[in-house]
Amino acid sequence: MADNRPVGVFDSGVGGLTILREIEAQFPSEDLLYFADTAHCPYGAKLAEEIRQLSRSIVEFLLANDAKLIVVACNTASVASLAYLRANFSVPFVGIVPAVKPAAQTTQSKRIGVLATNATFQAAIFDDLIEKFASDTAVVRQICPGWVELVEQGKIDGAEAEGLVARYVAPLLQDQIDTIVLGCTHYPFLRPLIESFIQKTTRAGINVVDPAPAVARQVGRVMAANGLDSSRSASGSVRYFTTGDVEALRQTVRKLLGREMLHVEHVDLVFVE
Ligand code: DGL
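Fair warning: this is a prediction, and the values are worked out from it, not measured in the lab.

**Q** Hey, could you go over helix 3 (residues 75-88) for me, with residue numbers and the actual values?
**A** An α-helix turns once per 3.6 residues; consequently, residues spaced three or four apart project the same way. Spanning 14 residues, helix 3 covers 19 Å between terminal C-alpha atoms, matching the ideal 20 Å at 1.5 Å per step. Where helix 3 bends most, at S81, the angle is about 60 degrees. Considered for burial, the residues of helix 3 that qualify are N75, T76, A77, S78, V79, A80, S81, L82 and L85.

See below:
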């Protein structure tokens, strides 16, 4: 069985591109739809109910555009809405939660740090993750106000970004953690700054965990299990959609991924009760 319809990927903004580029690398013949809900970004300070409504409207849009599988490429949207989406739509979903499990399995010091949004830390699922996989590990939580906005503006280098990275990574290092989980899909774009700050500040090796490759592998497993792999041998293409400004997205994508978007459209979300 094969299915040449596109895979839908969404995030509050450009964070999910860290997942999209891994899906492209692992499954180059798949067509992709990328939805950035820029007009409502950031999700991290919103209540779960609002995030569920936004996610629902995005899923309806992606399904109307023929998505065969939907990747919720946002930790905040996944913890708030994945169970709800699975209960309300029959399309297969792949979501993402902070990589507490692999971090707890590899930490030597039994102290890990998680960088994520406030809404992610508030979700019951986050406490469940710790109870299930990290009950013998100290988990230090750190929100990073301003990081999502930096990445949305393509400011992933320079003094402003360096300062904001230092502000939220420094407390973790003082806490003697040996592993840092990037629990928001925007943050891997700041990884070079995070790692150079770690190098400047401490001599001990600290492991930084970005779950994107594992999420893309899961996309592959779900496609295979549902007969959804594309039969094409040529490279797939990406269609981008944003609820925000197309030109601003163009500039940010150029900076973050070094590419020109060939197909990009502005769309408004429709909310139906
Ligand atoms: N990229 C999102 C995540 O993985 C959240 C960013 C936001 O606050 O909108 O959590």
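**Q** So what about the site of the ligand? Which residues, and what values?
**A** Residues in close proximity to the ligand total 14 residues, the closest being S12, Y43, G44, N75 and T76. Within the side chain of D11, a nitrogen or oxygen atom sits 3.0 Å from a nitrogen atom of the ligand. Between H186 and the ligand, the recorded distance is 2.8 Å, taken from a side-chain N or O atom to a nitrogen atom. In isolation the ligand exposes 300 Å². Once the protein is present, 99% of that is buried. Looking at the shell around the ligand residue by residue, the class counts come to six nonpolar, seven polar and one charged.

**Q** Outline the pattern of salt bridges, listing residues and values.
**A** Per the stated rule, a full pass over the model turns up 15 salt bridges. Its salt-bridge partner being K46, residue E50 comes within 3.8 Å of it at the nearest N-O pair.

**Q** Hey, could you go over the state of the cysteines for me, with residue numbers and the actual values?
**A** With the rule as written, the count across this model stands at zero disulfides. C74 supplies the cysteine sulfur nearest to C41, a cysteine that is in no disulfide, at a spacing of 8.3 Å.

**Q** Tell me about the packing of helix 8 (residues 159-174) against helix 9 (residues 191-201), and please be specific about residues and values.
**A** Close contact between helix 8 and helix 9 brings their axes to 9 Å; oriented N to C, the two are set at 55 degrees. As the angle between them shows, helix 8 and helix 9 are arranged oblique. Both helix 8 and helix 9 take part in a crossing whose hand is right-handed. Contact residues: A161, E162, V165, A166, V169, A170 and L173 in helix 8; L193, I194, F197, I198 and T201 in helix 9. Split by residue class, the contact of helix 8 with helix 9 holds 10 nonpolar, one polar and one charged.

**Q** Quick rundown of unusual backbone geometry? Include the residues and the values.
**A** Residue P42 is reached from C41 by a cis peptide bond, and omega for that bond is 5 degrees. With respect to the helices and strands, P42 occurs in the loop between strand 2 (32-36) and helix 2 (48-64). Phi at K110 is positive, roughly 60 degrees, even though this residue is not glycine. You can see K110 is positioned in the loop between helix 4 (100-106) and strand 5 (111-115). K110 gets classed as partly exposed once you look at its relative accessible area, which sits at 32%. Phi angles above zero are rare outside glycine, and Q176 is one such case at about 65 degrees. Within the secondary structure, Q176 is located in the loop between helix 8 and strand 7 (179-182).

What counts, and at which threshold
- Residues numbered from 1 in each chain as written.
- Predicted model: local features only at pLDDT ≥ 70, side-chain atom pairs only at ≥ 80, totals over all residues.
- Heavy atoms only, no water.
- Helix = DSSP H or I, 4+ residues; strand = E, 2+ residues; numbered from the N terminus.
- Expected span 1.5 Å × (residues − 1).
- Bend = angle between axes of the 7 residues up to and from the residue.
- Buried < 20%, exposed > 50% of the residue type's maximum accessible area, 1.4 Å probe, protein only.
- Near = heavy atom within 4 Å.
- Polar contact = N/O pair within 3.5 Å; in protein donor to acceptor, adjacent residues only side chain to side chain.
- Areas by Shrake-Rupley, 256 points an atom, 1.4 Å probe, with all protein chains shown as cover.
- Nonpolar A, V, L, I, M, F, W, Y, C, P; charged D, E, K, R; others polar.
- Salt bridge = Lys/Arg side-chain N within 4 Å of Asp/Glu carboxyl O.
- Disulfide = S-S within 2.5 Å.
- Axes fitted to C-alpha atoms, helices over the stretch in contact; angles between N-to-C directions.
- Parallel < 35°, antiparallel > 145°, perpendicular 65-115°, else oblique.
- Left-handed = near helix turned anticlockwise from the far one by under 90°.
- Contact = heavy atoms within 4.5 Å.

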